[in-house]
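# Coordinates in review
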Amino acid sequence: MRLRLAILIAGLTSFISVSMEIMWIEIISYITKGHAGIFGAVLGLVLTGIALGSRYGYRKSKDQVSSSANLLPELLTLGATINFFGLIAILLWVKVHDAFVGLLFIQVVVVSYYLGAIFPVLCKLAVSDKEESVGQETSWIYAGNIIGSTAGPLFTGYVLMDNLSPAITICIMSGAALLLALIIINGNVDGIKKRLKDSIFVVTLILLIPIGYLTVLSTMMERFHFLSSFADWTSFRYQEHSRQGIITVLPRPKGADVFLGGGAYDGDVNTDPENNVNGITRCYMIGSMHRKPSKVLMIGLSTGSWAQVLANYKLIDSLTIVEIQPAYINLIKKYGEISPLLSNPKVKIIIDDGRRWMRRNQNEKFDFIVMNTTFHWREHSTNLLSIEFLRMAKNHLNEKGVMYWNTTGSKDVMYTAANAFKYVTSVANFVAASDAPFDMTKAEREKNYPYFFRNSVPAFEKNDSTRVIRNKLINAELPVLRDSLLKQNYWLITEDNMASEYKSGVWSRIMKFKNSF
Amino acid sequence: MANASIISRPIIRLFFFSGFAAIIYQIVWQRMLYASFGTNIEAITIIVSVFMFGLGLGSLLGGHLSRKYNTSLIQLFVTIEIAIGVFGICSKFLISTVSKAFLNYHDAALPFIIFMLLCIPTMAMGATFPVLVAYIFKSNRSVEESVSKLYYINTMGSAVACFLTIGLLFVFLTLTQVLIFAACINFAVAAISIVYLKKRIG
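Residues numbered from 1 in each chain as written. Chains lettered and ligands numbered in written order. Predicted model: local features only at pLDDT ≥ 70, side-chain atom pairs only at ≥ 80, totals over all residues. Heavy atoms only, no water.

Within an unreviewed UniProt entry, the label attached to chain B reads Spermidine synthase, and the organism entered is Daejeonella rubra.

Going by an unreviewed UniProt entry, chain A carries the name Spermine/spermidine synthase and comes from Daejeonella rubra.

So, in structure tokens, the structure goes:
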């Protein structure tokens with residue numbers, strides 16, 4: 001085989017392989033709700049497959065000295081078949097039992113195994129055995145491999161993921177691998193009979209791809225979400241996918257729809273304090289925590305429910321929202337209860353990473369910063385929960401400014417807040433922190449609540465029930481927690497220790513185990 | 001041929017640890033860059049691209065070097081491993097200094113500078129492969145065997161490192177400590193290679 005052809009095949013194979021790796025990370029992250037370490041785990045599985053595959057490729061090409069060229073389409077076809085039809089099998093089996101979802105991990109290894117076997121076969125076919133040029137010729141094929149690996153994430157990440165669903169991307173990648181196999185068969189495989197037989201087989205597989213998509217793969221995300229409880233009627237109301245991830249919306253016939261960001265609960269679409277399925281009263285508590293929060297910063301938009309409550313709080317003059325995932329805006333447009341937020345003149349929505357935006361806009365100051373942060377155990381939660389971030393956010397607060405965020409039940413988050421601010425209190429699973437005490441009198445609180453509006457009428461004047469809720473908010477205790485927190489033995493979350501993601505869960509299990517003796 | 005294979009076996013085994021350290025750097029740098037750029041796809045793309053670009057370019061450079069220094073390939077490998085380790089130890093300081101210095105420049109400035117900065121160690125990592133292929137080829141005279149063995153052992157090292165990093169290193173150590181751990185592996189690989197070379201010459 002000519003070196004140039006080998007470089008091209010190496011590039012295309014690695015393009016498909018790395019693109020699939022991105023899709024696996026996306027899907028497995030969704031299934032595991034973005035648990036910390038998933039990226040590393042999938043990368044480990046892919047590399048295990050590639051490593052074992054490289055040995056397999058070497059041994060196979062050694063055994064089949066005369067027909068090494070036939071190995072290439074064989075490996076590509078096997079990889080693509082397991083990638084596509086293996087996935088379909090898993091999707092059908094998870095309906096039988098949830099545990100079959102674990103087969104996805106094995107599939108990642110097996111597909112990587114066959115695609116990883118291609119590199120040594122290409123080296124055998126294309127590298128000459130002259131001592132002085134072995135290193136250089138190998139490096140060219142390796143470079144082709146690397147170019148494909150670079151182009152894969154760029155094209156898949158920027159183009160395919162922004163425009164196509166993960167299921168269609170998987171179809172494209174599987175089809176591309178089979179097409180490459182077909183081209184190699186017709187260019188390299190000896191014997192017209194074998195060539196014809198192999199071509200018919202590969203073409204049949206290619207033709208089965210759209211059928212597999214229409215019958216099973218088009219409901220891939222639902223099947224992975226509902227697992228064994230999947231049925232024809234269990235479907236998402238909406239699905240949005242962009243390069244920032246997958247958002248799915250679960251319908252709730254008698255209540256608020258639920259947004260899931262990357263598989264994890266984001267929130268319910270609801271601003272009604274009476275309904276409160278999403279704990280929206282925690283948002284209304286702002287009336288008891290700050291006398292006049294004129295300028296508010298919100299990190300993360302999600303369903304927009306919290307933002308809509310704040311946008312209709314007349315004491316707020318401007319609300320700046322920084323959200324990394326633009327797809328939320330498309331979804332919010334579909335909900336009449338929330339969508340006015342998008343045209344509210346005092347609301348500014350910025351698509352950016354919250355942390356980066358803060359760092360670049362150091363002169364922007366706010367009276368109130370609110371973050372309905374995701375689960376503390378999810379990948380990269382450290383970026384918003386670490387002491388470094390809290391200190392940075394604190395610099396964006398005006399005097400007597402308050403920061404208010406979701407601890408998702410983590411004591412470490414509370415402890416870290418106590419290390420960054422002079423006053424710390426809690427509202428349900430939220431922590432509020434400030435360098436000024438939370439000392440609003442009941443009269444001051446009472447004065448604030450008429451300024452909350454919902455559907456253009458005062459939010460708490462609707463009926464007796466809303467008035468009861470308002471009174472609860474006015475009378476809510478804001479305990480002084482800082483001193484007691486600082487005496488506890490919790491993790492101070494830093495960028496360096498990533499405690500919320502990697503340490504606190506494991507260490508608490510270790511301590512429990514130790515204490516059980 | 002069997003003897004030749006046995007002679008090069010220690011070097012092949014060492015390549016496991018070279019791949020082991022390399023993936024630790026990738027995972028740690030990736031996390032550090034998320035803190036600089038933000039957790040968005042642009043950051044992920046830059047990180048993946050710089051690794052691939054560096055490894056690819058390094059591979060070509062390594063191929064060239066393997067021809068130029070055909071008689072001192074182990075020395076070349078040792079130098080590269082030490083260079084990777086030194087960069088690894090300094091990397092946290094370098095990334096944070098550069099990130100602070102270029103924060104308020106044009107949007108593309110920081111990613112570009114980070115890209116250039118990380119090109120240095122990733123090129124070094126990429127260069128080790130063809131250098132060792134050329135070395136092992138001298139013993140066994142088989143291209144596919146050299147490539148296959150090295151590729152297998154290096155990738156397996158990386159795979160094991162992935163699981164170990166998320167399952168143990170991140171649980172018991174900080175990012176800084178993990179970087180030092182990876183650098184120590186590079187230095188150990190270099191030291192053992194020198195011992196191996198001395199034994200062979202002796």
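### Side note on the overall build of chain B
Looking only at helices and strands, chain B features 6 helices and 0 strands. Reading chain B from its N end, one meets helices and strands in the order α-α-α-α-α-α. For chain B, long-range pairs separated by at least 24 residues make up 82% of all intrachain contacts whose partners lie at least 6 apart in sequence. (Helix = DSSP H or I, 4+ residues; strand = E, 2+ residues; numbered from the N terminus. Contact = heavy atoms within 4.5 Å.)

### Section: the overall build of chain A
Across its full length, chain A holds 20 helices and 13 strands. Overall, chain A is about 90 × 50 × 50 Å in size when its C-alpha atoms are taken along their principal axes. Excluding contacts between residues fewer than 6 apart, the proportion of contacts in chain A whose partners are at least 24 apart in sequence is 71%. Within chain A, one finds 53 positive and 42 negative side-chain charges whose respective centroids are separated by 1 Å. (Lys, Arg positive; Asp, Glu negative; His and termini not counted. Charge placed at Lys NZ, Arg CZ, Asp CG, Glu CD.)

### Description of the UniProt feature "transmembrane region" (unreviewed entry) in chain A
Residue and element names in this part refer to chain A. In the UniProt entry, the feature "transmembrane region" (unreviewed entry) is given for residues 36-54, 75-94, 100-127, 139-161, 167-187 and 199-221. As annotated, residues 75-94 comprises 95% helix and 0% strand, and the C-alpha atoms at either end are separated by 27 Å. Along residues 199-221 one finds 83% helix and 0% strand; the C-alpha atoms at either end are 32 Å apart. (UniProt positions renumbered as here; feature names shortened; annotations may be inferred.)

### Examining the interface of chain B and chain A
Interfaces are often sized by the amount of accessible area the parts lose when they come together. Each partner contributes residues to the interface: chain B has 59 residues there, and chain A has 65 residues. In this structure, Lys92(B) engages Asp496(A) in a salt bridge whose closest nitrogen and oxygen atoms are separated by 3.5 Å. The tally of links between chain B and chain A comes to 6 residue pairs in polar contact (both at pLDDT 80 or more). Looking at the side of chain B that touches chain A, the elements with two or more residues in it are helix H1 (2-37), helix H2 (41-68), helix H4 (109-140), helix H5 (143-172) and helix H6 (175-201) of chain B. (Salt bridge = Lys/Arg side-chain N within 4 Å of Asp/Glu carboxyl O. Polar contact = N/O pair within 3.5 Å; in protein donor to acceptor, adjacent residues only side chain to side chain.)

### Some remarks on the domain arrangement of chain A
All names here are of chain A. We note that the domain assignment places domain 1 (3-226) and domain 2 (270-508) within chain A. Summarising the inter-unit geometry, the C-alpha centres of domain 1 and domain 2 are found 45 Å apart. If you look at the interface, domain 1 gives 8 residues, while domain 2 gives 5 residues. Of the roughly 500 Å² buried at the junction of domain 1 and domain 2 (both faces included), carbon and sulfur atoms supply 55%. The three residues of domain 1 that bury the most area against domain 2 are Lys-33, His-35 and Ala-36, which together make up 65% of that side's buried surface. Across the contact surface, domain 1 and domain 2 share 0 salt bridges. Where domain 1 meets domain 2, there are 5 residue pairs in polar contact (both at pLDDT 80 or more). (Domains from an automatic or database assignment. Buried area = accessible area lost by both parts, 1.4 Å probe.)

### Focus on the side chain of Ser112(A)
Residues and elements named next belong to chain A. With respect to the helices and strands, Ser-112 occurs in helix H4 (residues 103-116). Residue Ser-112 is classed as buried on the basis of its relative accessible area of 1%. In contact with Ser-112, other than residues within four places in its own chain, are Trp-24, Val-46, Gly-49 and Ile-50. (Buried < 20%, exposed > 50% of the residue type's maximum accessible area, 1.4 Å probe, protein only.)

### Things to note about the packing of helix H2 (residues 38-63) of chain A against H4(A)
All names here are of chain A. Where H2 meets H4, the closest approach of the two axes is 6 Å, and the angle between their N-to-C directions is 40°. Viewed along their axes, H2 and H4 adopt a mutual orientation that is oblique. As H2 runs across H4, the sense of the crossing is right-handed. Residue-level contacts link Val-42, Leu-45, Val-46, Gly-49, Ile-50, Leu-52, Gly-53, Ser-54 and Tyr-56 of H2 to Phe-105, Val-108, Val-109, Ser-112, Tyr-113, Tyr-114 and Gly-116 of H4. (Axes fitted to C-alpha atoms, helices over the stretch in contact; angles between N-to-C directions. Parallel < 35°, antiparallel > 145°, perpendicular 65-115°, else oblique. Left-handed = near helix turned anticlockwise from the far one by under 90°.)

### A word on the packing of helix H3 (residues 73-101) of chain B against H4(B)
All names here are of chain B. With their axes 10 Å apart at the nearest point, H3 and H4 run at an angle of 165° to one another. Taken as axis vectors, H3 and H4 run roughly antiparallel relative to one another. In terms of crossing hand, the pair formed by H3 and H4 is left-handed. Partitioning the contact of H3 with H4 into residue classes produces 23 nonpolar, 2 polar and 2 charged. (Nonpolar A, V, L, I, M, F, W, Y, C, P; charged D, E, K, R; others polar.)

### Here's the deal with the UniProt feature "transmembrane region" (unreviewed entry) in chain B
UniProt feature "transmembrane region" (unreviewed entry): in the numbering of this structure it lies at residues 12-29, 41-61, 73-96, 108-137, 149-172 and 178-197 of chain B. Structurally, residues 149-172 of chain B comprises 100% helix and 0% strand, and the distance from its first C-alpha atom to its last is 32 Å.

### A word on the packing of aromatic side chains
All names here are of chain A. Throughout the structure, instances matching the rule amount to 39 aromatic pairs over all chains. Aromatic side chains Phe-119 and Tyr-142 sit 6.1 Å apart centroid to centroid with 55° between the ring planes, which places their arrangement in the tilted category. With Phe-119 in helix H5 (residues 118-126) and Tyr-142 in helix H6 (residues 134-163), this pair connects stretches of sequence that are 23 residues apart. An identical accessibility class is assigned to Phe-119 and Tyr-142; each is buried. (Phe/Tyr/Trp six-rings, centres within 6.5 Å; stacked < 30°, edge-to-face > 60°.)

### Describing the pattern of salt bridges
Residues and elements named next belong to chain A. Per the counting criterion, the structure on display carries 17 salt bridges over all chains. For Lys-194, the salt bridge identified is with Asp-198, shortest N-O distance 3.1 Å. With Lys-194 and Asp-198 both in helix H8 (residues 192-215) and 4 residues apart, the pair spans about one turn of that helix. Of the residues examined, Lys-194 reaches a relative accessible area of 35% and is grouped as partly exposed. Taking the relative accessible area as the measure of exposure, Asp-198 reaches 19% and is therefore buried. Here Lys-394 ties to Asp-435 by a salt bridge, and the two come within 3.1 Å at their closest N and O atoms. Residue Lys-394 is located in helix H15 (residues 387-394), and its partner Asp-435 is located in the loop between strand E11 (430-434) and helix H17 (442-448); the two are separated by 41 residues in the primary sequence. Judged by relative accessible area, Lys-394 falls into the partly exposed class, the value being 27%. According to the relative accessible area criterion, Asp-435 is partly exposed, its value standing at 34%. A network of salt bridges, in which partner residues are shared, links Glu-461, Asp-464, Arg-467 and Arg-470.

### Describing the pairing of E11(A)
Residues and elements named next belong to chain A. With respect to burial, E11 is a largely interior element, 5 of its 5 residues being buried. Residue alternation in E11 divides its side chains into two sets, Phe-430, Ala-432 and Ser-434 and Val-431 and Ala-433, and both sets are buried. Sheet analysis places strand E9 (residues 397-406) next to E11, joined by 5 bridges and oriented antiparallel. If you follow Val-402 over to E11, its bridge partner there is Ser-434. Bridge count between strand E10 (residues 423-427) and E11: 5 bridges; the pairing is antiparallel. If you follow Tyr-423 over to E11, its bridge partner there is Ser-434. Linking E10 back to E11 in an antiparallel pair, the connection comprises 2 residues, with Ala-428 at a positive phi of about 50°. (Pairing = 2+ DSSP bridges.)

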